[in-house]
Each structure stands twice: as structure tokens, then as C-alpha cells.
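Chains, contacts and geometry: an overview
Here's the letter readout for the chains.
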Amino acid sequence: MTIRLKPVDAVIIGFGWSGALLAEALSAAGLSVLALERGKFHDTAENFPPSRAPDELRYAVRHDLVVKPAENTLTFRNRVDQTALPVRAWGSFLPASGAGGGGVHWNGQTWRFRPSDFVLKTTIIERYGKNFLAPDLTIEDWGVTYAELEPYYDRFEYLCGISGKAGNLGGKIQPGGNPFEGARSRDYPTPPLTMPYAPALFADAARECGYHPFPQPAANLSQAYTNPLGVTLGACSYCGFCERFGCGNYAKASPQTTVMPILRRRPNFSLRTECLVLAITHDGKGGKARGVTYTDESGQVFFQPAEIVLLCAYTFENIRLLLLSGIGTPYDPGSGRGVVGRNYSYQTTSSVQLGFADKRLNPFIGAGALGMVVDDWNGEHYDHGPLGFIGGAYLAALAINGRPILNHPVPPGTPRWGAGWKRAVAKSYLRTTRLLASGSSLSHRGAYCDLDPTYRDRFGRPLLRLTFDFHPNDLRMSDFVTARLAKIARMMRPDWLAVEKREAPYSIVPYQSTHNVGGAVIGGDPATSVVNPYLQSWDLDNLFIIGASAFPQNPSYNPTGTVAALALRAAEAIIHRYLRAPGPLA
Amino acid sequence: MNAARMKGAWLAAFFLLCAACPAQAEDRVRQGAYLVVLGDCAACHTPPGGAAFSGGKRIPTPFGAVIAPNLTPDRETGLGGWSDDEFARALRLGRRRDGSFLYPAHPYPYFVRFTLAEASAIRAYLATLPPVHQPVRGADLPFPLDLRFLLLFWDALYATPAPPLPDPDHDALWNRGAFIVTGPGHCGACHTAKTLLGGDVAARALQGGVVAGWVAPALDGDRRTGLGDWSEAEIARFLATGSAHGQLASGPMAEVVEMSGARMSEADRTAIAHYLKSLPAPPPAPSPQPPAAAMAAGEGLYRLRCAPCHGANGKGTPGLFPRLAGSAIVQAAKPETILRVIRAGARAAATEATPTGAAMPAFAARLDDAEIAAIATYIRNSWGNAAPAVSARDVTP
């Protein structure tokens, strides 16, 4: 028996960064807002006290902040001619669960995409001609420009207190920042973190190579900061427990440390945790979403009517809820028609590990976004014509962690176990570091999501099926940038180094990145996108689909900054345009 | 003068009065609502998550629990049937409607400062609340404390008339502050030490007390344990936001800030600060040298467990992590607050101006009594702090 609840103005599905930002903006505008979150409630002092938060076994190994595969998973295959099988233990990526979502256990790498990223297709065709694009690439322009997003990037950075150094202030290149970034209206709210030894060595070597190193913009704050809402964050203690962990020091920007103290005070906002949305109810194309059906932990099913539905779950669940609810045309890789599930893309990563005999790098000094980066081989600011690929990567030395269980760096040729291995770990631990190439991932015809024909969840609903492999373009790109990364590594004059290239087929087992994007993409054309440039559904004008599911392809950078900027822009469009004249915004 | 003209004048006056009536009544209700804020009445009489002033909240005292009555105008279980006089007598003198005694958890020794007009304004405000039917049992006290008539003797000892105000030797600001602190604000209910019978030790007024396991620090001019180092502006800001001078309000004071300090006028906060800064500093207490072993152990534990937030130098972060260096709570003669906060954690006050409401996590599961004592001894005697050492025996509640 479904219980019908009192209507609200806006219901939010999923309370991560997107949900929290929308909740803050819409409740400030006076709407009654209800957020439904499938996971547990999390609060800094109760759930991540410094006395308990740095528990590597619980969080990094056993994935305490990640959804349990027994509750929600997906099936996977590399190609359409294979049979997909369910993921029963997370590997390549870690979808979050719980209040704050991935915003709780992220590293805090806070990027803006470059201006050319938003008009990638046009830029490539203008520069290299139509034939430069492999025919099966399905990359698109976003329908929104960097200039349009800049105020929202800025707002998010100031909400969080991001620590960094501007490289381009109003078109003027700033020494020490990223000279390749888009123009900013002002500098970061707080200065960069203090660099430990390994990133400092990397920066010196990169300069010797003629590159332009700059500090990674970080949501792990270099100093205490009070945001425009009046909420105070603390300074990072460089404990090295960011990725997969909640921060006990109020030093990492998260929904908890930036907007939840405000939402707590607003009587027109409420959050219901351990409430899983099963479907969105709607009139069909051209009509309205009417609300959502959800179930709580007891199994009771509720119908929550709402004037506006905001789908703010993780990429996979955004796509799946659209498919399960019959919203939009599912993508068909055979004909290339349909949009829901189209343009899935990922992140093409590779790395170089290097060790020193005489340098103590102290890897236990860490933070999720602590390090130095070069952007010289990223994006469209170098000539791709002779190279035969599109895209690029940022190259970085990040002092993310020296945590003891999962971090046993040893030189190549070391025995895999026994006394020799132990000796090598003891010798290498303090003297080893890893450089990273975080590369772009282009959407292509055979990379997509649909509903699995076989496997179902505990409610009998089909699981999402992911079909993905790296496109040859991305592998060529990865080889190219990895060679540049190795060049910097050699310039650091290590005693040994080991290059770890990215190769096909994509394996879903080793961790790579929780940057799964696309599937409900943004764009100016309903034939190739699910949402318009305000993240509004083309089919139901009171449904907004927020998150990295909107990315038509993945530029090299970490997605959170852009997810937040798109969310804030959508919020403003809802408040200033949609509420006045409900209907399509584009 | 003829009678008719007199009558006409009376009639005119009557109508004029009546025309003024609604405005006057509104003013009175507004005044009452504000006095209720000054008196922080909601802290006891509004149950957590319940209807305003519907009572039923258990107020722990060293003698047992007293249960706050229902102040809504419900006829049967609230104040609906009470006359203004009966209400004023209860508010100011601690007598129930039937003449029997209220327990002095109700701070009538302070509320006696309310004038009868103010009492009737409070009553007028309470009468505007939605009536809530909530029967409330008076108290949960063991024999012989349940014999209310014994309070006759208590009143004789402790409900002594306060010095009259205004004091002509002081200016209006001081007098306003004195009225709030020693009257509606009933600051001494926590910040003054208590006798075995729970009465104020008059000679040590506002020199600090302990309530429900929390140290209420001295409000006098002592530079270590009182407000000697605070400016008037800092005191006023602390009352408004719970955050000033590197300190954060938590525990019962968080409630006072959220329900009373943040809602009173800036003029009244300034008056309170001005009055408190006029209190003298007592002679400095001798500070014995702490044991070196405890200091060394405490320093190691502090660096590991505490320094990531409070800083190696004990400076903290304004508005987020309290400063321990120079803190009155840390250096109070009694270590109750720091021990309970290390063991069980605490949450800072959250207000419109300072919404963060950061919390200190509980460490009881991580630290044993000796470790907690060592940390307490260390923070009480570092960075210029000085206070008696704490032993493991002090930690076990």
C-alpha cells in the first residue's frame, strides 16, 4: 500500500553536492524542498571524528561510504557482442551513498574546464577539418560556454574556500598559476597548500623541461575560511585521509562543511535519509513530472508529489531512473538513435612510479588535492594535427596518501611476497612517489548505458548495464602524455622508475577514477541530448537532471567543479525564470 | 460644573482609552515576549521538539529532577485559569496558585526583580500562545525534598531581597546591565557557586559555579578564570553569537545564546557586558607546579589527538575550534567541563550570524582516564595557562 504524502514544491533525488547546492538555493528562494537520500545521515563530529575517521580498513578497503553492491550495482561488458555480468565488488570506481554523497569522500580536486572544452566538436572541426574526427566518435558541444559558467564556478569556489593560485585573471596571465586556464573574475579565496617534497621536486623538474607547474586547486583548505553563508571551515592538517574518507577537521569542503549548517536552520527544507527513489511519475513527453515513488528502510512505499523534480543522483542512477521511469528515448547503439544512456565516457589515466635512494619524501604528509600540476599537454592549446588524436591530460605529482594498508610501493623486480618483499617495502616506503596523467575520455558510439536484460535488483528492477572500452583515440592520447610524464620523471633523477601505461581492454577491476560521466547529456539539440543547457529535461519541463551525467564527453579534469557550476546555474534559472513562467527554458 | 459634563468627559476618556486599547495591549504583549527572551524561559519550559512553553521538560538538579510546568493558556493543564496576581506571585515569589512552594529550580530569587507591570506583560504574552493540553507532574524528588513546605526555610535563607536598583552611584547602562544579570537573566543560577542546599553563596556571586556537570566560568574580572581579558564588545558578541575571544559557547550556555542572547537587543547585550566588566577581580589564586610526567604524557597525547584542530600552540580557529590558551573554562578551578567535553564531546551554539555549530567529537572510546587526565593537566598548564593538575580519579564521573 503506497502512502501518498503532502506535496512539496521541489523534491531532490540524492543528497550529494548537486542536491545540496540545489537545496540551498531553492530553499533560500522560499520553496519547500525535500531531499531523499538512499544512504545514511552523516555529520562531521558524529560520523568522522578525528579519533575514528582515519580508519583505512573500514573506509579505503571496505568502502564504508560507498553503496553496497548487494543494494545497488550494475552489469558490465566491454563490447556489445559480449554478455554483461554484475559487479559484485567495486573496483574501477566507487559510487557514494549517504548524506553528502561523493562530496564527503572526494579528494577535493576542484577544477574548471577550459573554454575550448565546452565547444570541443566545433573547435576540432574548425581547426583540423571534419575528417579529423573518427566516425564513431560522438562528441558534442555543451550548449553552454565557459563565460556563461564562470560566475557559477566562482560562486562554488567561494562557497568551499578553494585553495589555489589563479593563472589567468581577467585575461592577464599570472605567474605561478595555470597559464592555460580560462579567465577568472578573481583569485581563489585561499592561498595554495604548502607543498611537500615530492611535488616540489616534480615542479622543479617540470620547469627544467620548459613546462608551467602550478598548485592543484584544492578543497582541502590551506587556512581557516568563512564562506558567504557564514559557515566556517578549518585548516587542513595534511593527515592524508581524504579520498574515501570523511574529514574530521572541517577542513575539506563538503555539503556538511559548507551548506548543511544553513539547511539545518531552514524550516522549509527537510532531508530524509535511507529513502531510495524507485521511479519518477510523469505524464509522458511534453507533460510534467508529478513526483517520485520511494521506499524507506522498512520497505514502506511512499508517493511524494512535487511541483519540480530534481534528479541529483550519481551518473549511473540518474540514467537508470530515467530508463526505469520511461523518460526520454533510450539510446540504441545499432542505429545511433535515442539519447538516454548515450555518450557515456570515463577518464583515461596512467602513471609513473619513481623511487630514490637518498631522498625521504615522507608520503604520510598528504591531502586529497595536495600537489603540483602541469597543463602543457592538456586540451587544445597545442597542435594535435600531426599527433592524430584529440584531447590530452594534466600531469601531476599529488601527495594524496601514505596510508599503510594499500600503499606498499616497491621497485620493479621485487619479489611479490616474503622477506625480500618486506625489506623492499621498508626501504621504499619513504622514498617512492607516483606521478599521474589524468586524461580525457571521448564519447563514442559503442560506449553507453542501458537496462540489463537479465539481472535485477532486490526490488525486481533491471540493473543498469554499462558497455565501455577505451577508444583508440584515447589510447594514442594516453601514450603521448605518458611519455611526457616519464620525461618529467626522469628529470627528477630517480634511482628507478616504472611507467604504467593505460591499455585496452578497459578493466573494471583495478581502481582508476570515480569520474563516470554522460548518459543524460547537456546540449542544444534534443536529438543528441537529454537536457537543455539549463539541465532541464527536453521531455518534462519540471524535471532537471543534475550531475556529471550531463557531460557529453570527459575533459581531463576532475568533474566536481563543473558539476557544481552547472547545478548553480540550473538553480538560478529555476528561481529567476522557471518559477515565473513554468515551461521550457530553451 | 455639572454632572452631565463630567459624565461626558468620562465617556470621552473611556472611548479614548478604548481606542488606545489594542495598541497598548499589543505593546504589552511585545514587552512580555521580550522579557521572556531576557529570562530565557523557553530553555526550560519549551520541550525539545515540542510546542512552545508547553512544559514537561525534566530539569536535572543535584537533588533530583524538577519538571517544568506548562505555561500555555490551557485552562486545565496550563495557566488558563490563573489570575494575573497568581501568575506574578509564582513568577516573582515562587508560590503556586494554591500558595504552596515552587522549587527554586524556577529562579524566583532573581525574577523578584520583575515589577508587577512586567509580570503582567509576560502573562499577557503567554496568553497569546496556542493552548496545549499537557498535564505536567511537578517534580521527581525523594523524601523529604518532596515536602514543599520545607522551602519556607529555604526561602528565608536564600530568597533574600537583592540590593535595590537603580543604584544612583552608577549610570543607566550599568543599572540596565545589573537588572538583567541579577534579574531576568538569572546568570548567577549557574555562574554562582551553590551551598549544600542549592542556594547561592552570596559572597561569591558570579565567581563561577558547576551546573549539571558543566563549569559555568567566573564572570568577574579574573584574567585567567573570568572575563578580565575580555572587552565589553567581545562579551556582547559572545552573547549574540556564542563566538568571541577565541571561545565558543557549548553545553547549557549554547542554549542561553541560541534562545536568549541572540534574540535580545544589542543595547541590552552591551549593558550586560558593561555591568560584568565592572565586577572586581578576586585576589589571584596560587597555581601549583604540575607534575612533569603528566605534562610530558599530556603533550604527546595532545599533539596526536588535539593539535590537528586546536593547534600545537592551543590557539584554535575562531568560530570553529575554541582557543585553549587563556581559556577560562580550561583554567577553571574545577575541570568538569573539559573532562566531559573530552569524554563525551560537545556542540557549539549555532545562530543566524554564526551558523557553523561545529562539534567536538567524543574521545571516551579512545582515551583512558589517565590519558584524559594527562591531556587536561597539559592544556591547563601550557601556553601561559595555570591551573591545578587533574588526576585519573577526577575523570571518572
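No experiment lies behind these values; they were computed from the predicted model shown. (Residues numbered from 1 in each chain as written. Chains lettered and ligands numbered in written order. Predicted model: local features only at pLDDT ≥ 70, side-chain atom pairs only at ≥ 80, totals over all residues.)

**Structural notes on the overall build of chain A**
Spelled out, the test is: Secondary structure elements are defined from DSSP: runs of H or I of at least 4 residues count as helices, runs of E of at least 2 residues count as strands, and each element is numbered from the N terminus. Our radius of gyration looks at C-alpha atoms and nothing else; its globule reference is 2.2 Å times the residue count to the power 0.38. A residue is called partly exposed when the number of other C-beta atoms within 10 Å of its own lies between 12 and 20, exposed at 12 or fewer, and buried at 20 or more, with C-beta atoms placed from the backbone.
A count of helices and strands for chain A gives 13 helices and 22 strands. Here chain A has a C-alpha radius of gyration of 23 Å; the compact-globule value for 586 residues is 25 Å, and the two agree. For chain A, the C-alpha atoms occupy an extent of roughly 70 × 55 × 50 Å along the three principal directions. Considering chain A as a whole, with its 586 residues, one finds that 56% of them fall into the buried category.

**A few points about the overall build of chain B**
Quick note on the threshold: Contacts here follow a simple rule: the backbone-placed C-beta atoms of the two residues must lie within 7 Å.
The helix and strand tally for chain B stands at 16 helices and 9 strands. Over its C-alpha atoms chain B spans a radius of gyration of 24 Å, differing by no more than 12% from the 21 Å that the globule rule assigns to 397 residues. With respect to the three principal axes, the spread of C-alpha positions in chain B is 95 × 45 × 35 Å. Buried residues in chain B amount to 44% of all 397 residues. Of the contacts made within chain B by residues no fewer than 6 positions apart, 62% connect residues no fewer than 24 positions apart.

**Let's talk about the domain arrangement of chain B**
One frequent convention defines the size of an interface as the accessible area lost when the parts assemble. All names here are of chain B. Condition: Start and end points for every domain follow an automatic or database-based domain assignment. Ten residue types, Ala, Val, Leu, Ile, Met, Phe, Trp, Tyr, Cys and Pro, are classed as nonpolar, four, Asp, Glu, Lys and Arg, as charged, and the remainder, Gly among them, as polar.
Here the domain parsing of chain B yields domain 1 (24-158), domain 2 (172-276) and domain 3 (292-395). The interface of domain 1 with domain 2 comprises 20 residues on the first partner and 20 residues on the second. Listing elements by their share of the side of domain 1 that touches domain 2, those giving two or more residues are α1 (3-38), α2 (42-45), β1 (58-61), α4 (108-111) and α6 (151-158). Residues belonging to the side of domain 1 that touches domain 2 are distributed by class as follows: 16 nonpolar, 2 polar and 2 charged.

**Focus on the nonpolar core**
As a reminder of what qualifies: Note on definitions: a nonpolar core is a set of buried residues drawn from Ala, Val, Leu, Ile, Met, Phe, Trp, Tyr and Cys, linked by C-beta atoms within 7 Å.
Counting 265 residues, the largest nonpolar core has Ile12(A) and Leu395(A) as its most contacted members. Per-element accounting of this core gives the leading share, 10 residues, to helix α13 (residues 560-578) of chain A.

**What to know about the environment of Asn401(A)**
Residue and element names in this part refer to chain A. Tracing the backbone through its elements, the reader meets Asn401 in the loop between β17 (393-398) and α11 (419-428). Assessed through the 25 C-beta atoms surrounding it within 10 Å, Asn401 is described here as buried. Expressed as a C-alpha distance, the spacing of Asn401 and Thr433, which sit 32 residues apart in the sequence, is 10.0 Å. If near-sequence neighbours (up to four positions away) are discounted, Asn401 is found in contact with Gly240, Glu243, Gly366 and Asn407.

**So, helix α11 (residues 266-276) of chain B**
Three or four residues apart is the spacing at which side chains of an α-helix point the same way, because the helix has 3.6 residues per turn. With 8 of 11 residues buried, α11(B) lies mostly within the body of the structure. For α11(B), the set of buried residues is Asp268(B), Arg269(B), Ala271(B), Ile272(B), Ala273(B), His274(B), Tyr275(B) and Leu276(B).

**Some points on the pairing of strand β4 (residues 74-77) of chain A**
Residue and element names in this part refer to chain A. Condition: Only when DSSP finds a minimum of two bridges between them are two strands counted as paired.
Both β4 and strand β20 (residues 462-467) contribute to a ladder of 4 bridges, which runs parallel. In the sheet register, Thr75 faces β20, and the bridge partner there is Arg465. As paired strands, β4 and strand β5 (residues 85-86) are joined by 2 bridges and run antiparallel to one another. The residue of β5 that forms the bridge with Phe76 is Leu85.

**Quick word on the interface of chain B and chain A**
Taken together, the contact pairs 20 residues of chain B with 20 residues of chain A. Within the residue set of the side of chain B that touches chain A, elements represented by two or more residues are α12 (292-310) and β9 (359-360) of chain B. It is α12(B) that provides the largest number of residues to the side of chain B that touches chain A, a total of 3 residues. Among the residues forming the side of chain B that touches chain A, the class breakdown is 12 nonpolar, 6 polar and 2 charged.

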